[in-house]
Amino acid sequence: MDLTFNVAGKSVVLIVKSVVVAGWTARDGDAVQHHIDELADLGIAPPSQVPLYYRVAHTLLTQNDTIEVLGDGSSGEVEPLLIKSNGKTYFGLASDHTDRDLEVHSVAASKQACAKPIAAALWDFDEIKDHLDDITLKCWIEENGREILYQAGTLSSIRPLAELCEGAGFSDGTAMLCGTFPAIGSVRPANSYRMEMSDPRSGKAIALSYGVSTLPLIS
């Protein structure tokens with residue numbers, strides 16, 4: 001699949017053939033356990049190993065401003081995104097939108113059930129790799145008619161990306177979502193998401209916003 005991105009003001013077309021969703025990637029073991037416990041409250045079984053690499057269809061990646069989901073049991077998560085194409089690595093922003101109802105039965109199936117929104121802008125990974133821990137990610141959701149902060153953290157909370165790449169077998173033509181932070185409050189659905197990734201050294205930022213259109217569950 002060909003995807004067009006803005007990289008330093010230039011339009012770049014990248015070929016993505018496979019997508020990996022890295023889960024349970026927190027650097028702090030207590031944070032990993034917090035997320036496991038958080039999902040256990042929803043009836044979701046713990047992972048077989050930490051971290052864990054889920055494979056999903058590359059066609060799930062989307063730059064559309066709206067995604068369609070089945071039922072009202074899904075939610076998004078702000079995540080750093082890595083893409084390797086033509087031997088070069090790029091860094092961006094994504095949402096691992098997941099069907100939480102299906103997650104109770106199979107985490108792998110729940111990852112495959114929803115589109116994965118990605119921002120239209122990317123950074124050259126080489127330009128930020130020496131200060132990755134400083135990169136900040138935030139997510140806001142619409143709830144009860146107002147926007148509230150849902151997630152926030154820095155990459156210092158996520159395992160080193162080089163380690164994740166090695167574990168995932170990060171090869172040319174691969175995109176990888178690299179993990180997230182605990183939700184503020186609880187994991188829950190929302191009608192819209194606004195996400196931002198910022199680099200305090202350069203002052204640059206990447207934004208991602210999308211809405212959720214719910215399809216009815218028909219039996």
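**Q** So what about the overall build of the protein? Which residues, and what values?
**A** Counting secondary structure elements, the protein contains four helices and 17 strands. In summary, the protein has a C-alpha radius of gyration of 16 Å against a globular reference of 17 Å for 219 residues, a match within 12%. Dimensions along the principal axes, computed over C-alpha positions, put the protein at roughly 45 × 35 × 35 Å. Looking at the protein as a whole, 49% of its 219 residues are labelled buried. By sequence separation, contacts in the protein at least 24 residues apart represent 72% of the contacts at least 6 residues apart. For the protein, the computed accessible surface area is about 10000 Å², with 49% contributed by carbon and sulfur atoms.

**Q** I'd like a rundown of the pattern of salt bridges, residues and numbers included.
**A** Throughout the structure, instances matching the rule amount to 13 salt bridges. A salt bridge links K111 to D96; the shortest N-O distance between them is 2.6 Å. Of this pair, K111 sits in helix α3 (residues 107-112) while D96 sits in the loop between β9 (88-95) and β10 (98-99), and the two are 15 residues apart along the sequence. Residue classification places K111 among the buried residues on the basis of a relative accessible area of 7%.

**Q** Give a description of the sheet that holds strand β4 (residues 52-56) that names residues and reports values.
**A** The sheet built from eight strands is open, its strands ordered β2-β1-β12-β9-β8-β15-β3-β4 with mixed pairing. Where the open sheet ends on each side, the last strands, each with one partner, are β2 (10-15) and β4. Along the sheet, successive strands turn relative to each other by an average axial angle of 35 degrees, direction set aside. As paired elements, strand β3 (residues 18-23) and strand β15 (residues 174-177) share four bridges and run parallel to each other. Bridged to S18 within β15 is T174.

**Q** So what's going on with the sheet that holds strand β17 (residues 205-215)? Residues and values would help.
**A** Pairing within the open sheet is mixed, and its five strands lie in the order β6-β17-β16-β13-β14. One side of each edge strand has no neighbouring strand; the edge strands of this open sheet are β6 (66-70) and β14 (146-154). Neighbour-to-neighbour, the strand axes of this sheet turn through a mean angle of 25 degrees, independent of strand direction. With six bridges connecting them, strand β13 (residues 136-143) and strand β16 (residues 192-198) associate as antiparallel partners. Across the sheet, the residue bridging to I141 is Y193, located in β16.

**Q** Requested: an account of the side chain of H97, with residues and values cited.
**A** For H97, the location among the structural elements is in the loop between β9 and β10. Here the side chain of H97 touches Y210 through a polar contact of 2.8 Å, side chain to side chain. Contacts of H97, omitting those with residues within four sequence positions, involve I67, V69, S74, S75, G76, C114, A115, K116, P117, Y193, Y210 and V212.

**Q** Describe in detail the packing of aromatic side chains, supporting the description with residues and values.
**A** In the structure shown here, the tally under the stated rule is three aromatic pairs. Ring centres of F91 and F125 lie 6.3 Å apart, and the angle between their planes is 50 degrees; this geometry places the pair in the tilted category. With F91 in strand β9 and F125 in the loop between β12 (121-124) and β13, this pair connects stretches of sequence that are 34 residues apart. The class for F91 is buried, based on a relative accessible area of 0%. Taking 5.1 Å as the distance between ring centres and 15 degrees as the angle between the ring planes, the aromatic pair formed by Y193 and Y210 counts as stacked.

**Q** Account for the pairing of strand β8 (residues 78-85), naming residues and giving values.
**A** Most of β8 is tucked away, with seven of its eight residues classed as buried. Pairing analysis gives eight bridges linking β8 to β9, with the strands arranged antiparallel. Bridge pairing links I83 to Y90 in β9. Joining the antiparallel neighbours β8 and β9 is a turn of two residues, in which N86 adopts a positive phi near 55 degrees.

**Q** I'd like to hear about helix α1 (residues 29-40), residue by residue, with values.
**A** An α-helical segment advances 3.6 residues per turn. Residues three or four places apart therefore align on the same side. With twelve residues, α1 should reach 16 Å at 1.5 Å per residue; the first-to-last C-alpha distance of 16 Å fits that figure. Taken together, the buried positions of α1 are occupied by V32, H35, I36, E38 and L39. The arc enclosing the buried residues of α1, seen along the axis, measures out at 160 degrees, which places them on a common side. In the core, the buried residues of α1 are packed alongside α2 (100-103). Where α1 starts, the residue carrying a side-chain oxygen 2.8 Å from the main-chain nitrogen of D30 turns out to be D28.

Analysis parameters
Residue positions within a chain follow its written sequence, with the count starting from 1. Per-residue local features of the predicted model are confined to residues with pLDDT of at least 70, and side-chain atom pairs are confined, for both listing and counting, to 80 or more; whole-chain, interface and lining totals are unaffected and use all residues. Each side-chain value is derived from all of the structure's non-hydrogen atoms; neither hydrogens nor water enter the calculation. Under the scheme used here, helices are H or I runs from DSSP no shorter than 4 residues and strands are E runs no shorter than 2 residues, and both carry numbers assigned from the N terminus. Just to be clear, the radius of gyration here is over C-alpha atoms, and the globule rule we use is 2.2 Å times residues to the power 0.38. Each residue is assigned to one of three classes by its accessible area relative to the maximum for its type, calculated with a 1.4 Å probe on protein chains only: buried under 20%, partly exposed between the two thresholds, exposed over 50%. Here, two residues are considered to be in contact whenever any of their heavy atoms come within 4.5 Å of each other. Per-residue accessibility takes into account occlusion by the displayed protein chains alone, with areas from the Shrake-Rupley method and a 1.4 Å probe. For this document, the term salt bridge refers to a Lys or Arg side-chain nitrogen within 4 Å of an Asp or Glu carboxyl oxygen. Pairing between strands is defined by DSSP: at least two bridges between the two strands are required. Helix axes use the C-alpha atoms of the stretch in contact, all axes being lines fitted to C-alpha atoms, and the angles between their N-to-C directions lie in the range 0 to 180 degrees. Pairs of N or O atoms are called polar contacts if they sit within 3.5 Å, as long as, within protein, a hydrogen donor faces a hydrogen acceptor (for residues adjacent in sequence, only side-chain-to-side-chain pairs). The aromatic pairing rule takes the rings of Phe, Tyr and Trp, using the six-membered ring of Trp, and pairs them if the centres are within 6.5 Å, calling planes under 30 degrees apart stacked, those over 60 edge-to-face and the rest tilted. Helix span is expected to be 1.5 Å times the residue number reduced by one. What the arc describes is the spread of directions from the helix axis to the C-beta atoms.

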